[in-house]
Amino acid sequence: MKVCVIGTGYVGLVAGTCFAESGNDVICVDVNAEKIGLLQKGKVPIYEPGLEELIARNAEEGRLRFSTDLHDAVRASLICFIAVGTPTAADGSADLQYVEAAAAQIGDAMDGYRVIVDKSTVPVGMAERVRQTIAGRSKHPFDVVSNPEFLKEGAAVQDFMNPDRVVIGSQSQRAIDIMRDLYSPFVRTDRPILVMSAASAEMTKYAANSMLATRISLVNEFANLCERVGGDIADVRRGIGFDERIGQHFLFPGVGYGGSCFPKDIKAIIRTADENGLPFGLLRAVEDVNEAQKRVLPEKVIQHFGKDLTGLRFAVWGLSFKPRTDDMREAPSIVVIDGLLAAGAEVHAYDPEAMEEAKRVFGDRVIFERSNYDALEGADALLIVTEWNEFRRPDFQRMAELMRNKVIFDGRNVYELTQMQSLGFTYYSIGRPEVRPQS
Ligand code: NAD
């Protein structure tokens, strides 16, 4: 099938590449000429495991192309995906100007029947708005489909190739058949293609992210309570996670959720509810808990060292909002590091993939180191903010030798308490008892 994907970001690039991998002819379009220029030269502007190899193979075989020319891409395609950003607008709602612009450009370019697919996360009603925009600019027949994306950054290719389910929001049998055909190679393992109205599909995406964010905030609140009244959140998590009604996923306490999706989607759905006379108290609380949780680690540092951190040096391991991505959007590391800097600290940071992105955020306020061990040299404490695998089994002996003080603030509960105790570290984590060296 002939497909174009408008917006070549984390979602559009992965979706386009995976559609090419299953044999379709795909053109990925973006307004960002620099991004497209890099991709045309075989360079991948984002980090996502497995993506580079897939892009190289499909580009080489001529199934995957990159262009800034939306008009030609629409002319060459039966299916046009809109995968542009929907960031938070000033009033908290989803900013839909990029989706609107893409829809208008598609309308102008169409020369026959097209399926236009909303892949971006958009509020209920947007498929209809896209339909109206295109109908106002083109006489050709078309269908608009809502097809929200559920991939996780850090495992995006794997998720896209093996989705838990595919959601298709449309009333048009013609468009539904085309979408089923497109997705059939991805659902070989009996995963369902769920067909519903566009409004239900749009709502499904927000409901999914709201559920996941709620689990995170709930477990973070219990972690904080464990710290006050006793109990170890790791045991509590296991204790509830084996209950099949609850399940194991998204029950890990930490420094709060971040990224380009949860924060903005929770804000947007609260705003939608507000506009419709329904104050969504639960999600407001989820958001408040999350904001407070991002400050937990710097607060623990201040409790340990005092309010003034001038002259103290901190190593920070992990900057991206989660492991296996370079995405820094709404990363908790930003709040954590800003908290340290505001108290006068010096910060030496390391991340396996996100340093370039992080430099855009922090500039020269942070010293970026070449390895996690380099960051530790002379450090008064280490803060673990993102749980990259390579931080899980470090050389503790070497760490102890490099650090001025053997103090760790672990925002992701990466290490065992007994291990920290026997190694003689002072160790603070989330929702678990503090470890202090025995005197
Ligand atoms: P992104 O910011 O990485 O990429 C969006 C791209 O669209 C940018 O490269 C931008 O230049 C391009 N663009 C904007 N207007 C354009 C136009 N008129 N024509 C062509 N290109 C245009 O965004 P993303 O993270 O890929 O997210 C895209 C959408 O998918 C959002 O609605 C997001 O909520 C949703 N989503 C994201 C994820 C995720 O993990 N990132 C997961 C599921 C859904």
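Residues numbered from 1 in each chain as written. Predicted model: local features only at pLDDT ≥ 70, side-chain atom pairs only at ≥ 80, totals over all residues. Heavy atoms only, no water.

Draft legend 1. Quick peek at the pairing of strand 5 (residues 114-118). Counting buried positions along strand 5 gives five out of five residues, so the element sits mostly inside the fold. In the sheet, strand 4 (residues 79-82) pairs with strand 5 via four bridges, with the strands oriented parallel. Looking at strand 5, one finds that Ile82 is bridged to Asp118. Handedness of the crossover is the feature at issue here: the chain leaves strand 4, passes through helix 5 (residues 97-109), returns alongside strand 5, and the resulting connection is right-handed. Note: strand 5 against strand 6 (residues 142-146), five bridges, orientation parallel. In the sheet register, Val117 faces strand 6, and the bridge partner there is Val145. Regarding topology, helix 6 (residues 126-135) serves as the crossover connection from strand 5 to the parallel strand 6, and that connection is right-handed. (Buried < 20%, exposed > 50% of the residue type's maximum accessible area, 1.4 Å probe, protein only. Helix = DSSP H or I, 4+ residues; strand = E, 2+ residues; numbered from the N terminus. Pairing = 2+ DSSP bridges. Right-handed = clockwise from strand over helix to strand, strands pointing away.)

Draft legend 2. Looking closely at helix 9 (residues 198-229). Relative to the 46 Å expected for 32 residues at 1.5 Å per residue, helix 9 spans 47 Å between its end C-alpha atoms, a close match to the ideal helical length. Positive backbone phi, approximately 105°, marks Gly230, located one or two places after helix 9. (Expected span 1.5 Å × (residues − 1).)

Draft legend 3. Representation of the nonpolar core within the structure. Within the largest apolar cluster, 60 residues are counted, with the highest numbers of intra-cluster contacts made by Leu383 and Tyr415. Counting contributing residues per domain, this core is built from domain 2 (205-292) and domain 3 (294-428), each supplying no fewer than three. Apart from residues no more than four positions distant in its own chain, Leu383 is found in contact with Leu297, Val301, Phe314, Ala315, Val316, Trp317, Val336, Leu340 and Phe409. By size, the runner-up hydrophobic cluster in this structure holds 40 residues, among which are Ala83, Ala156, Val187 and Ile193. (Core = buried A, V, L, I, M, F, W, Y, C linked by side-chain atoms within 4.5 Å. Domains from an automatic or database assignment. Contact = heavy atoms within 4.5 Å.)

Draft legend 4. Here's a closer look at helix 1 (residues 10-21). Taking 1.5 Å of rise per residue, 12 residues should cover 16 Å, and helix 1 covers 17 Å from first to last C-alpha, within 8% of that figure. The buried fraction of helix 1 amounts to 10 of the 12 residues, a majority that puts the element mostly inside the structure. All of the buried residues along helix 1 are Tyr10, Gly12, Leu13, Val14, Ala15, Gly16, Thr17, Cys18, Phe19 and Ala20. Positive phi shows up at Gly23, right after helix 1, with a value of about 105°.

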